[in-house]
Amino acid sequence: MTPRNILLWEKMGKLFLFLTLFLFLSNNTYGREPTKCHQLAHAERWVEAFQECTIAAKNGNLEAKYVLSNFYSDTHQEFSPVCANHTKSFKLLTTAAEQGYPEAKVDVAYEILSSKSTPELIKLAEDFVNEAEQEFLRLEKEGDWRAMKILNTLYSVEIFKKTDKKLASRYETRYESALLRAGVDGDASSQFRLGVSYFTVWGKLFRRNPKESFYWFKKSAEQGNLAAMRSIATYHYKPEELLGLSNEEVIDLRKKYLFDAANNGDIESAYEIGRAYSFGMRVDELGLKKNIESAKKWYLKAAEAGHKEGAYELAQLWADDKEKKVAFKWYFKAAKACHLASQMKVA
């Protein structure tokens, strides 16, 4: 362990982690081919991502250590298939930072600068910020739109002590333009991010525009992006917002993409189908009516793959059928992944 790591451990202990979701999903690999771990996390395939990241992190991959630190953080317990572990999360994060992963440096620096810290730790944080800034500036010159986004963050968040409104605005504009170019050039990951951006109203260029959002999700989905397929089905578009399609055409399209994603291994989509069948929800969006047996089938598919909400909902259905032993099995599986409601059931 390096002196800088020792200093972090001695002074910070189990400090609560601030980890931005955008950085987690940015798909930035800094000149390297993206690992399967990172690709799965970017596609919001959480269970599979955790499994792949665990293997890659054990083999020393810094990107995997950074992504894995997010799974162990309580910030992301909503989708994490594993219980929060502050010590493990922080160890993975600081190791990635010490060994040169720039996103991890930004996260560690934020932790130090947002807490009561010693002068030594503050100096360490400033060093991390400066080192990360130089790496992102290098990547920005190579046209990396993700580096532009993070530079925008560095220059707009006061705690990093680099506040510069002009630079922040410049990199925000560059990021949006570069992301759009990447989407136009056919990059499925960028097209997915454009779909999100046009729906969630982020930045100067991306004002809420459901038609643009749907267009980019569809372009990405046509290239097999499972997260984009799921988004078409789960984002709450109004039929009149979607490229002039009729209500029936929209329902068919949503259903097609959600089932395609689920049948191609997207666990989140399997869970969403289970919810639709279980509660008789979203008949107007997916055309699926309540069907408990179908709900069990899709929840089972998600639960067997490690989806804790899927396991809990499956247990609930078996409990409703008075099948206590089967219900307990799935409550227990979800409880082991720190699903709170399930823990109460098995206590």
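Keep in mind that this is a model prediction, so the values were computed, not measured.

Moving on, we get to the layout of surface pockets. In this model, the second largest pocket occupies a volume close to 240 Å³. Around the second largest pocket, the lining is made up of 13 residues, and of these Gln-39, His-42, Ala-43, Ser-189 and Asn-225 lie nearest the centre. For the lining of the second largest pocket, the elements supplying multiple residues, two or more each, are helix 3 (36-42) and helix 11 (188-200). Each residue belonging to the lining of the second largest pocket can be placed in one class, and the counts come to 4 nonpolar, 7 polar and 2 charged.

Its 13 residues give helix 6 (residues 86-98) an end-to-end C-alpha distance of 18 Å, which sits within 8% of 18 Å, the value for a rise of 1.5 Å per residue. Within the sequence span of helix 6, burial applies to Ser-89, Phe-90, Leu-92, Leu-93, Thr-94, Thr-95, Ala-96, Ala-97 and Glu-98. Just downstream of helix 6 lies Gly-100, where phi reads positive at about 110°.

Moving on: the nonpolar core. Formed by 47 residues in total, the largest nonpolar core has its most connected members in Leu-68, Phe-71 and Phe-136. Top contributing element to this core by residue count: helix 8 (residues 119-141), with 9 residues.

Turning to the packing of aromatic side chains, a few remarks are in order. Here the structure, examined in full by the defined rule, presents 14 aromatic pairs. Ring geometry for Tyr-215 versus Trp-216: centroids 5.0 Å apart, planes at 80°, classification edge-to-face. Measuring from centroid to centroid gives 5.9 Å for Tyr-312 and Tyr-331, while their planes differ by 55°, and the two rings are tilted. With a gap of 19 residues between them, Tyr-312 in helix 18 (residues 308-320) and Tyr-331 in helix 19 (residues 324-336) connect regions that are remote in the sequence. For Tyr-312, a relative accessible area of 14% translates into the label buried. Cluster of aromatic residues (ring-pair linked, three or more members): Phe-192, Phe-199, Phe-217 and Tyr-235. Residue placement shows Arg-208 over the ring face of Phe-199; its charged tip is 4.6 Å from the ring centre.

Take the state of the cysteines next. Tallying each qualifying case throughout the model produces 2 disulfides. Through a disulfide, Cys-37 is tied to Cys-53; the S-S separation comes to 1.9 Å. On the sign convention where negative is left-handed, the bridge of Cys-37 and Cys-53, at about 80° about the S-S bond, is right-handed. One end of the pair, Cys-37, is in helix 3; the other, Cys-53, is in helix 4 (residues 46-58), and 16 residues separate them in sequence. The same class applies to Cys-37 and to Cys-53, which are both buried. The disulfide partner of Cys-83 is Cys-338, and the gap between their sulfur atoms is 1.8 Å. Taking the sign of the S-S torsion, about 105° here, the bridge from Cys-83 to Cys-338 comes out right-handed. Of the two residues, Cys-83 is situated in the loop between helix 5 (62-72) and helix 6 and Cys-338 in the loop between helix 19 and helix 20 (340-346); the sequence distance between them amounts to 255 residues. Described in terms of the sequence order of its bonded cysteines, the disulfide pattern of the protein chain is 1-2, 3-4.

With that settled, consider unusual backbone geometry. Residue Lys-161 is not a glycine yet carries a positive backbone phi of 60°. A positive phi angle, near 65°, is found at Lys-322, a position not held by glycine. The residue Lys-322 is located in the loop between helix 18 and helix 19 in this model.

What counts and how
- Residues numbered from 1 in each chain as written.
- Predicted model: local features only at pLDDT ≥ 70, side-chain atom pairs only at ≥ 80, totals over all residues.
- Heavy atoms only, no water.
- 1 Å grid on protein atoms, 1.4 Å probe; cavity = no way out; pocket = protein on both sides within 12 Å on 5 of 7 lines; lining within 4 Å.
- Points joined across faces, edges and corners; volume = space filled by probe spheres on them.
- Helix = DSSP H or I, 4+ residues; strand = E, 2+ residues; numbered from the N terminus.
- Nonpolar A, V, L, I, M, F, W, Y, C, P; charged D, E, K, R; others polar.
- Expected span 1.5 Å × (residues − 1).
- Buried < 20%, exposed > 50% of the residue type's maximum accessible area, 1.4 Å probe, protein only.
- Core = buried A, V, L, I, M, F, W, Y, C linked by side-chain atoms within 4.5 Å.
- Phe/Tyr/Trp six-rings, centres within 6.5 Å; stacked < 30°, edge-to-face > 60°.
- Lys NZ or Arg CZ within 6 Å of the ring centre and 35° of its normal.
- Disulfide = S-S within 2.5 Å.

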